[in-house]
Amino acid sequence: MTAASAQDNRIVVVGSGAFGTALAAVAAASGKAAVTLLTRRESIVEDFKQTGRNDSALPGIDLPERLTVSDDPTVLEGAGIVLFAMPSQAQREAARSLHGFIGKGADVVICAKGIERVSGRLLTDVVEEELHLQNVAVLSGPGFAADIAKGLPTAMVIAANGIERASLLAEALSGATFRLYPSADRIGVQLGGALKNVLAIACGIVEGAGLGDSARAALISRGLAEMSRFVAARGGEADTVRGLSGLGDLVLTATSHQSRNLRYGIALGASGSAKGQTRELVEGAFAASVAADVARQLGVDMPLTEAVAAIIDGKTDVKTALEQLMSRPITQE
Ligand SMILES: NC(=O)C1=CN([C@@H]2O[C@H](COP(=O)(O)OP(=O)(O)OC[C@H]3O[C@@H](n4cnc5c(N)ncnc54)[C@H](O)[C@@H]3O)[C@@H](O)[C@H]2O)C=CC1
Ligand SMILES: O=C(CO)COP(=O)(O)O
C-alpha cells in the first residue's frame, strides 16, 4: 500500500545536500520503493554514476546501488512521496518552482528545521500555499546526515495531519537502521526543530565562552521550557517538545561538535560577540530573531532565544547578555 493512493509508490528526495542525500540513501537501502535523489546540479548526477557517492555533500560515503540520481524534475510526476530536503529559507522557492511537477495526491514531507524568516510562518503553511496542497508533513528529530547515511541507528519523527497518515509515511520511510515515529502534531514537531537550533547556538556560546557544563545543563532545561511555551502559543502540543523532535534533537545538537549550529555558537562565545561572524550558514541564526519577534507578538517569554537573537544581530555581546539573563527576577520553575 502506498501512502498516497492517487500516485505510484516512488519516493523522490528534492535537495542533494547532506540531509537529502542521507534520506535518499536510507530509503533506497530499505528496498521498499524506487528512490530518486533530485538535484539541480548535473555534476552530482555524473559523480554518482562514476563513484557511487555524492562527495560534495557526504564525502567518502558509499550510497546504495539501487538509488537513482537525476537532475530532471519530471521524475516528480506521479511520485507518491516527495521529500523537501533543502534549507528552510529555500522551501518556498523550491515549492514554487516545482509546483507543476508534483501531483495533487502526493505526500510532500518537509525535512528542514526552521521558520520562514521574512514572515515568521511555519514551513508547512509556506509549502502548502505554494503547492496548493493540504496535509504537507514534517520530518524532524535527532539525526546527523552522515550518521544516517552510514547506516548508524537513528530515530526521528514524522508528523502529518492525522496519525494514520503519519503512520503510513513512517512505515514507508523507515528502514533497518532508520526508525520514524509518527506524530499528529505538525506544529510542535517543526517548531521543536527550529528552536533547538537557536538553543544549540546558545549552548555553543556557553562552550566557546568557557561558562561550564552546569550552564549548558541549565540552558537545555530552561530552553526546553521556552520551547514548550512557544509551541503551545502557536497551537501545538507542549508535550511534543519532550520527545525526539524537541529534547532529543536539542541534546544531540547541544552536545555534538558535528552540529553546525553548535560550532557557530562556539565561535560566537569564543569571540564574545557577532563581529566578524557569518550568520548565513546555520539554520538557528535565521530562526533566532524571527522566533523572538513572534514570541513578543504572542506575549511568550523567551529570554534565551531573545539573548541569542540580540547577540547574532549585534545588539549585545555575550558578557552583557549573560549578566541580563542572570539578573532576571527569580521565578518558580
Ligand atoms: N545535515 C544534517 O545533519 C541535517 C540537516 N537537517 C536539515 O536539513 C535541511 C538541509 O540541510 P543540509 O542538507 O545539511 O544542507 P546542505 O547545505 O548540505 O544542502 C542543502 C541543499 O539544498 C539545495 N537547495 C537549495 N535551494 C534549493 C532549491 N530552491 N531547490 C532545490 N534544491 C535546493 C542546495 O543546492 C543543497 O544541495 C536544513 O533545514 C537542516 O536543518 C536536518 C537533520 C540533519
Ligand atoms: O539537525 C541536525 C541534527 O539533528 C543537524 O544540526 P546542524 O544543522 O546544527 O548541523
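In this text, all values refer to a predicted model and were calculated from it rather than measured experimentally. (Residues numbered from 1 in each chain as written. Chains lettered and ligands numbered in written order. Predicted model: local features only at pLDDT ≥ 70, side-chain atom pairs only at ≥ 80, totals over all residues.)

Participant: Would you mind going over the overall build of the protein with me for this structure?
Facilitator: Looking only at helices and strands, the protein has 13 helices and eight strands in total. Taken over the C-alpha trace, the protein has a radius of gyration of 20 Å; the compact-globule value for 333 residues is 20 Å, and the two agree within 12%. With the C-alpha coordinates aligned to their principal axes, the bounding extent of the protein is approximately 60 × 40 × 35 Å. For the protein, the proportion of its 333 residues judged to be buried stands at 52%. The contacts in the protein between residues at least 6 apart in sequence include a share of 72% that link residues at least 24 apart. (Helix = DSSP H or I, 4+ residues; strand = E, 2+ residues; numbered from the N terminus. Rg over C-alpha atoms; globule rule 2.2 N^0.38 Å. Buried ≥ 20, exposed ≤ 12 C-beta atoms within 10 Å, placed from the backbone. Contact = placed C-beta atoms within 7 Å.)

Participant: Which parts of the structure should I look at to understand the site of ligand 2?
Facilitator: In the region of ligand 2, the neighbouring residues are K113, P142, G143, F144, A200, D249, L252, T253, S259, R260, N261 and E283. At the level of elements, helix 9 (244-255) and helix 10 (260-271) are the ones that each hand at least two residues to the shell around ligand 2. Broken down by class, the residue content of the shell around ligand 2 amounts to four nonpolar, four polar and four charged. When residues of the shell around ligand 2 are assigned to domains, at least three map to each of domain 1 (11-184) and domain 2 (187-326). (Near = placed C-beta within 6 Å. Nonpolar A, V, L, I, M, F, W, Y, C, P; charged D, E, K, R; others polar. Domains from an automatic or database assignment.)

Participant: Would you take a moment to explain the UniProt feature "domain: Glycerol-3-phosphate dehydrogenase NAD-dependent N-terminal" (unreviewed entry) in the protein for this structure?
Facilitator: In the numbering adopted here, UniProt assigns the feature "domain: Glycerol-3-phosphate dehydrogenase NAD-dependent N-terminal" (unreviewed entry) to residues 11-162. Summarising residues 11-162: 30% helix, 19% strand, and an end-to-end C-alpha distance of 21 Å. (UniProt positions renumbered as here; feature names shortened; annotations may be inferred.)

Participant: What is the right way to read the nonpolar core from this model?
Facilitator: Generally speaking, nonpolar side chains in soluble globular proteins are found buried as a group. Grouped together as the largest cluster of nonpolar side chains are 114 residues, with contacts concentrated most on V13, V82, F84, V109, I158, L169 and A291. The residues that make up this core include at least three from each of domain 1 (11-184) and domain 2 (187-326). If near-sequence neighbours (up to four positions away) are discounted, V82 is found in contact with V12, V14, L76, I102, A106 and V108. (Core = buried A, V, L, I, M, F, W, Y, C linked by C-beta atoms within 7 Å.)

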